[in-house]
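Structural overview for review
Single-letter residue listing:
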Amino acid sequence: MSSTYATADAGGPDGGVDPETGIRAALDSLDTGVLLLSPELRVTYANARWTRWVGAPLAPGTPLVQLLEESARERLSLLGATLADGQPRMVQLWLCPVRADAPSRHLTCTARRAATGGLVLEAQLSDDDDRTSLHDVARRLAEVSDMAEVLHTLCEIAALRCRGTAAAVLRTTGHLSEVVAASGDLMPARGRCFELDGSMVQEAFDQNAIVAESNYNDAGRPLQRVVPELALGPVLVAPLHAHGETLGVLAVARAIGAPSFAEPDAERLRMLADHAALAVHKSLLLQQAQSADRAKGRFLATMSHELRTPLTALAGYNELLADQVMGPMTEAQLDVVDRMRSVTMHLSAMIEEILAFTSLEEGREILRPSEFLAEDLVRAAAAVIEPLAIQKGLKLEVVLPRASVRMTSDIDKARQILVNLLGNAVKFTDSGTVTLQLSRSGHSVRADITDTGIGIPADELPRLFRPFAQVDTGLTRRHGGTGLGLYISRRLATMLGGHIEVSSTVGKGSTFSVVLPVTVEAR
Ligand code: ADP
């Protein structure tokens, strides 16, 4: 008897299995997950159930911490305690999925110290499966910010979790409701509007609760009248509330003749609606902000464009007067004409800045690289600003490196940056010097624009490069401007593969440095 047993154990010729294979097969057939861990909490063995939860075979030596969601990592100390005192412990763990689309798992584990050192974890899926997938829902919804995608994902999840075959999100405006997203049999209703009066949406709002219909097609609801081809059996509708606002409803449906939704389905829909409402609210806010931003951009572009034409005409007339083509003028008249010209130029510069801003924001700017000498670029920018410096009685100095620097870049954009920075240096300096120093370092050219002006307080520095952010500051009001120059300059520098640095001391002056690569590739 005992010899027969021994033969089978040893995997003898009579067809017996070797003990290790047998033990593994037995562990794999268990309904529970079994994980063996080394004293360093690294995996030494995982049975089939555990492997399935993780979603991929586990390489021996994988640290347990890698398998856990961040929130579950603090539980590792409990495992450490069992290792130390040998007392078995119950531990709740959240496994993060290997594949992004796989659900995360909530496990209830018993940890025991193994005789050989290390730990044995025996785990079961927690029966609060709903919480597990809600956790997942929140994660999936948080990953998408585009409104349409959020709603689509929501429909998919709702149908799946409530064991329906279709789902939809509906929003309301005034007396109407609109199906803004749909899946399955509710697809034909997408984009359609119907009267709220007599609808399940209205009932869900009025009762502030989930409402059910066991056979939608026979109920004569308003949506059915608008979309007669809809074929729906049981329907559940839950209101979506977030931050005291009713955002719409979430509906799930089953096919005609299918069993009605049960209480657990309604409970799942309620929990899902609570979670989803926040995600919907967030993407609504984002959508509003984006469309306000687009509207602002369009408004600025249209206004600036419309203003540019009459301003060009004004500048032309101004020139005619200044050249005395229309007849001789007195000194006083010429002085007025000159002031008019400087105001017109100032306005034109502001409009050009706004147009440059909108075109950058809309991604209409493209790189046009060409080959040129860096000193030519610097001289061209200085020539634009020199008259302003002279007008203010400032010295404008240009310091060039001994060796020429040949660049391949977008010369117009590079010049625009230098003109902006030099223009600011002159604008914010009442006496002294503005210096533009060019140097080369490795594959970059650097232009330092230093002034002896008012300087910038350290706490203002982080805000400087934000669009319009300066408009309301005392500094800007005193000196005028759109508050766009630095923002545009930085964006242009980034397009050219470079950046802008700034250092400043109040009352002493500032240095703005633009660093550009010698060569930029056309994209
Ligand atoms: P704008 O000059 O049209 O106001 P900018 O974006 O070019 O817009 O500059 C933003 C703000 O940064 C200015 O209003 C000013 O307060 C500050 N600033 C920029 N350059 C200097 C400088 N060289 N010295 C002092 N302050 C500066």
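Below or above, wherever it landed, is the structure these notes cover. From a predicted model like this one, the values you see are computed outputs, not experimental measurements.

1. Quick look at the sheet that holds strand β2 (residues 43–46)
Pairing within the open sheet is antiparallel, and its five strands lie in the order β2-β1-β5-β4-β3. Strand pairing shows two members of the sheet lacking a second neighbour, β2 and β3 (89–95), which therefore form its edges. On average, each strand axis in the sheet is inclined to that of its neighbour by 30°, with strand direction left out of account. Note that strand β1 (residues 33–37) and strand β5 (residues 119–125) share five bridges and pair antiparallel. For L37, the partnering residue across the bridge sits in β5 and is L119. Against the sheet, helix α4 (residues 76–85) makes contact with β3, β4 (105–113) and β5, and its axis sits at roughly 15° relative to β4, the strand it touches most.

2. Some remarks on unusual backbone geometry
Positive phi, normally seen in glycine, also occurs at L41, with a value near 60°. Considering the arrangement of structural elements, one finds L41 in the loop between β1 and β2. In this structure L41 comes out as buried when scored by relative accessible area, which is 14%. A positive phi angle, close to 50°, is found at H243, a residue other than glycine. Within the secondary structure, H243 is located in the loop between β10 (235–242) and β11 (245–253).

3. Some words on empty space enclosed by the protein
Scanning all chains against the criterion turns up two cavities of 30 Å³ or more. In terms of lining, the largest cavity is formed by 17 residues, of which the most central are L170, Y216, L223, V237 and A251. Put simply, the parts of the chain that give the lining of the largest cavity at least two residues each are β6 (166–173), α7 (200–207), β10 and β11. Broken down by class, the residue content of the lining of the largest cavity amounts to 15 nonpolar, one polar and one charged. Taken together, A374, L377, V378, M407, L418, L438, V445, R446, A447, V514 and L516 make up the full set of residues lining the second largest cavity.

4. As for a nonpolar patch on the surface
On the surface, L314, Y317, L320, L321, V325, M326, V336 and M340 cluster together to form a nonpolar patch covering roughly 770 Å² of accessible area. Those elements that place two or more of their residues in the nonpolar patch are α9 (263–322) and α10 (331–361). Looking at which element gives the most residues to the nonpolar patch, the answer is α9, with four residues. By secondary structure assignment, the location of V336 is in helix α10. Judged by relative accessible area, which is 47%, V336 ranks as partly exposed.

5. Regarding the pattern of salt bridges
Taken as a whole, this structure holds 24 salt bridges when the rule is applied. Between D31 and R49 there is a salt bridge whose closest N-O contact spans 3.6 Å. Separated by 18 residues along the polypeptide, D31 in the loop between α2 (19–28) and β1 and R49 in helix α3 (residues 48–54) bring together distant segments of the chain. In this structure D31 comes out as exposed when scored by relative accessible area, which is 62%.

6. Regarding the sheet that holds strand β13 (residues 395–399)
Taken in spatial order, the five strands line up as β13-β15-β16-β18-β17 in an open sheet, and their pairing is mixed. The outermost strands of the open sheet, each flanked by one partner alone, are β13 and β17 (499–505). In this sheet, adjacent strand axes meet at a mean angle of 15° when their direction is disregarded. In terms of strand pairing, strand β15 (residues 433–441) meets strand β16 (residues 444–451) through eight bridges, oriented antiparallel. Note that in β16 the partner of S441 across the bridge is S444. Docked against the sheet, helix α11 (residues 374–391) engages β13, β15 and β16, running at close to 175° with respect to β13.

7. Digging into the side chain of S304
Turning to its location among the elements, S304 is positioned in helix α9. When near neighbours in sequence (up to four residues on either side) are disregarded, S304 contacts I351, I354 and L355.

8. Details of the environment of T344
Its place among the elements puts T344 in helix α10. Residue T344 is classed as buried on the basis of its relative accessible area of 8%. Separated by 33 residues in the primary sequence, T344 and L311 place their C-alpha atoms 6.8 Å from one another. Beyond its immediate chain neighbours, meaning those up to four positions away, T344 contacts L311, L314, A315 and N318.

9. Quick look at the environment of G485
Secondary-structure assignment places G485 in helix α14 (residues 485–495). Relative accessible area serves as the criterion here: at 11%, G485 is assigned to the buried category. Taking the C-alpha atoms as reference, G485 lies 9.2 Å from F468; in sequence the two are 17 residues apart. Every residue in contact with G485, bar those within four places of it in the chain, is listed here: E353 and N420.

10. Considering the pairing of β10
Side-chain positions along a regular strand alternate between the two faces of the sheet. Buried residues dominate β10, accounting for seven of its eight residues. Bridge analysis of strand β9 (residues 211–213) against β10 gives three bridges, and the strand direction is antiparallel. Considered in β10, the bridge of V211 is made with V237. For β10 and β11, the ladder comprises eight bridges, and the chain directions are antiparallel. Along β11, the bridge assignment pairs P239 with V249. Connecting β10 to the next strand, β11, in antiparallel fashion are two residues, including H243 with a positive phi near 50°.

11. Quick word on the side chain of S183
Position of S183 relative to the elements: it lies in strand β7 (residues 176–184). Here S183 falls in the buried class, since its relative accessible area comes to 11%. Not counting residues up to four positions away in its chain, the partners in contact with S183 are C155, A159, A166 and A167.

12. Here we look at the packing of helix α6 (residues 147–161) against α9
Packing of α6 against α9 brings their axes to within 10 Å, and their N-to-C directions diverge by 175°. When the axis of α6 is compared with that of α9, the two are roughly antiparallel. The segment α6 lies against α9, with M147, V150, L151, L154, I157, A158 and R161 engaging R268, L272, A276, A279, V280, S283, L284 and Q287. In terms of residue class, the contact of α6 with α9 is built from 11 nonpolar, two polar and two charged.

Calculation notes
- Residues numbered from 1 in each chain as written.
- Predicted model: local features only at pLDDT ≥ 70, side-chain atom pairs only at ≥ 80, totals over all residues.
- Heavy atoms only, no water.
- Pairing = 2+ DSSP bridges.
- Helix = DSSP H or I, 4+ residues; strand = E, 2+ residues; numbered from the N terminus.
- Axes fitted to C-alpha atoms, helices over the stretch in contact; angles between N-to-C directions.
- Contact = heavy atoms within 4.5 Å.
- Buried < 20%, exposed > 50% of the residue type's maximum accessible area, 1.4 Å probe, protein only.
- 1 Å grid on protein atoms, 1.4 Å probe; cavity = no way out; pocket = protein on both sides within 12 Å on 5 of 7 lines; lining within 4 Å.
- Points joined across faces, edges and corners; volume = space filled by probe spheres on them.
- Nonpolar A, V, L, I, M, F, W, Y, C, P; charged D, E, K, R; others polar.
- Patch = residues over 30% accessible without salt bridge, like charges linked within 9 Å, V, L, I, M, F, W, Y side chains within 5 Å.
- Areas by Shrake-Rupley, 256 points an atom, 1.4 Å probe, with all protein chains shown as cover.
- Salt bridge = Lys/Arg side-chain N within 4 Å of Asp/Glu carboxyl O.
- Parallel < 35°, antiparallel > 145°, perpendicular 65-115°, else oblique.

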